[in-house]
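# Chain and residue survey
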Amino acid sequence: MNSTPTQSSSEQYLTFMLAGEEYGVAILQVQEIKGWDKVTRIPHTPEYVLGVINLRGAVVPILDLRRRLGLGAVEFGKTTVIIVVRVSNGAGGERTVGMVVDAVSEVYNIATADTRPPPDVCGNVNTVFVKSLATIQDRMLMLLDMERLIGDSIADKQLSGAAA
């Protein structure tokens, strides 16, 4: 293993389970992991937006990642958690969003050379949200493009209205 530091030689990913598959998000985007908690529903939001929570004074939208990726809803259990992530909002700032997942798995250091672009068809998941695929210990991980996933989920109503 090459331990010489380079700008993009490897990146750490927090992995989590959804519908029996393992997904990953860049660890630098993860703010915290919380146990499942009640949310306040917001009317007229897509079904995958469960509502909002108050996280130390900030109102944070909570997405059901299973529904967002078209994997179907399930009852939340003991291992259900909210992964709170920060992503660029495209205007030089950041947006904080929580994602409900079935369970957290591991943190892996994944070399850039060990990732591959997703194929045109990637199972039940729309590959527009999959940044790349990586194989770890004979398992395939889907590394998510959080900017695209969150940006498309929580679109700025003023911008989307102006573009229409």
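Our subject is the structure listed above.
Residues numbered from 1 in each chain as written. Predicted model: local features only at pLDDT ≥ 70, side-chain atom pairs only at ≥ 80, totals over all residues. Heavy atoms only, no water.

Here the focus is the nonpolar core. With 27 residues, the main nonpolar core has Phe16, Leu65, Ile83 and Met146 as its most contacted residues. Of all elements in the fold, only β1 (10–18), β2 (21–26), β6 (81–88), β7 (94–101), β10 (130–136), β11 (139–144) and α2 (146–153) reach the threshold of two or more residues within this core. Examining the composition of this core, we find that 4 residues originate from one element, β6, more than from any other. Each residue touching Leu65, except ones within four places of it in the same chain, is listed here: Phe16, Leu18, Met99, Val100, Val101, Leu144 and Leu149. Counting residues in each nonpolar core, the second largest holds 9 residues, with Val39, Leu50, Leu55 and Val60 among its members. (Core = buried A, V, L, I, M, F, W, Y, C linked by side-chain atoms within 4.5 Å. Buried < 20%, exposed > 50% of the residue type's maximum accessible area, 1.4 Å probe, protein only. Helix = DSSP H or I, 4+ residues; strand = E, 2+ residues; numbered from the N terminus. Contact = heavy atoms within 4.5 Å.)

You will see that Gln137, though not glycine, has its phi angle at about 50°, which is positive. Within the secondary structure, Gln137 is located in the loop between β10 and β11. Judged by its relative accessible area of 60%, Gln137 is exposed.

Purely spatial values, then, with no claim about function.
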